[in-house]
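# Fold and geometry: a report
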Amino acid sequence: MFLMVMGRLLSLCFSGAPMKSCFSCRSDRVVSSTETVEYSFGEVVFSVEMPCVRCEACGETTTDHSDGEKADAAVAHALALNGPMTGAAFRHMRNVLDISRAEMARLLDVAPETVSRWEVEGRPVDRAAWLLLSTIVEEHQAGRTTTLARLRKVTSEKRGAPLMHRLTLATA
């Protein structure tokens, strides 16, 4: 798998095992290194240092897939906390959470085309939608899914007759 970042093509390794030879040229001249990956959202650029393996023969750089996911999640968390509130940032956060555009629209009770317009900068992102997605990203980073689970439950319930719940309060 390959990842395109700021016009540079990086290969991602899924094995987790140390590379013994280059994926591109098959040379065994591979060394541990670090790679700076940049994520750009308008005028805001995030630089992430990632461990990688570099081929001394052809210059190919390979990073572990899990490190790429961690970098994506860290950038999404920084966006959730600080913005910018752009369509590209909204799309990045949604993708990190692995929420499809259609599901995001359902969760927000908007048309899928609305989410699409936000993400391609056709319309400004709705502030309430941004705050909700930001909250979900923050919870995801902390290992919680409370808000996302509640949203999914609420949107899956059938609308119609109200449900009656009986609550009994204990007396002291």
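Residues numbered from 1 in each chain as written. Predicted model: local features only at pLDDT ≥ 70, side-chain atom pairs only at ≥ 80, totals over all residues. Heavy atoms only, no water.

## Considering the overall build of the protein chain
Put simply, the rule reads: Runs of E in the DSSP output that reach at least two residues are strands. Runs of H or I that reach at least four are helices, and both are numbered from the N terminus. Type-normalised accessible area, obtained with a 1.4 Å probe on protein chains alone, sets the label of each residue: buried when under 20%, exposed when over 50%, and partly exposed for intermediate values. Note on definitions: a residue-residue contact is assigned when non-hydrogen atoms from the two residues lie within 4.5 Å. Note that accessible areas follow from Shrake-Rupley with a 1.4 Å probe, and for residues the cover is restricted to the protein chains shown.
Helix and strand content of the protein chain: six helices and five strands. Ordered by position from N to C terminus, the α and β elements of the protein chain give β-β-β-β-β-α-α-α-α-α-α. Per-residue burial for the protein chain yields a buried fraction of 36% across its 172 residues. Long-range contacts, defined here as pairs at least 24 residues apart, represent 52% of the contacts in the protein chain between residues at least 6 apart. Total accessible area on the protein chain is roughly 11000 Å²; 53% of this is exposed by carbon and sulfur atoms.

## Some words on the nonpolar core
Heads up, the condition is: The set of buried Ala, Val, Leu, Ile, Met, Phe, Trp, Tyr and Cys residues whose side-chain atoms join them within 4.5 Å is what this entry labels a nonpolar core.
Counting residues in hydrophobic clusters, the biggest one holds 31 residues, and the most contacted among them are Tyr 39, Phe 90, Met 93 and Met 104. Core analysis: the second largest hydrophobic core is formed by five residues, Met 19, Cys 22, Val 30 and Cys 55 among them.

## Regarding the pairing of strand E3 (residues 30-41)
To keep it simple, the criterion reads: When DSSP finds two or more bridges between a pair of strands, those strands are recorded as paired.
Bridge count between E3 and strand E4 (residues 44-55): twelve bridges; the pairing is antiparallel. By the bridge assignment for E4, Phe 41 is matched with Val 44.

## What to know about the environment of Lys 70
Within the secondary structure layout, Lys 70 lies in helix H1 (residues 65-82). Residue Lys 70 is classed as exposed on the basis of its relative accessible area, which comes to 56%. Distance from Lys 70 to Gln 141, taken between C-alpha atoms, is 9.9 Å for residues 71 residues apart in sequence.

## Topic: helix H4 (residues 112-119)
For clarity, the cut-off: This arc is built from the directions going out from the helix axis to the C-beta atoms.
Those residues of H4 that fall on the buried side of the exposure criterion are Thr 114, Val 115, Trp 118 and Glu 119. For H4, the angular spread of the buried residues around the axis is 135°, confining them to a single face. At its buried positions, H4 is contacted by helix H2 (87-96), helix H3 (101-108) and helix H5 (127-141). Of the residues one or two after H4, Glu 121 is the one with positive phi, at around 65°.

## What about the pattern of salt bridges?
Short version of the rule: Salt bridge, as applied in this entry: a Lys or Arg side-chain nitrogen positioned within 4 Å of an Asp or Glu carboxyl oxygen.
In total, this model carries three salt bridges according to the counting rule given. For Arg 94, the salt bridge goes to Glu 119, with nearest N and O atoms at 2.6 Å. With Arg 94 in helix H2 and Glu 119 in helix H4, this residue pair connects regions lying 25 residues apart in the sequence. Summarising the burial analysis for this pair, Arg 94 and Glu 119 share the class buried. Measuring nitrogen to oxygen at the nearest pair gives 2.6 Å for the salt bridge that ties Glu 103 to Arg 152. You can see Glu 103 sitting in helix H3 and its partner Arg 152 sitting in helix H6 (residues 146-156), a full 49 residues away along the chain. Using a relative accessible area of 15% as the deciding quantity, one classes Glu 103 as buried. For Arg 152, a relative accessible area of 35% gives the class partly exposed. Via salt bridges that share partners, Arg 94, Arg 101 and Glu 119 belong to a single interconnected network.

Honestly, it's all geometry; don't read function into it.
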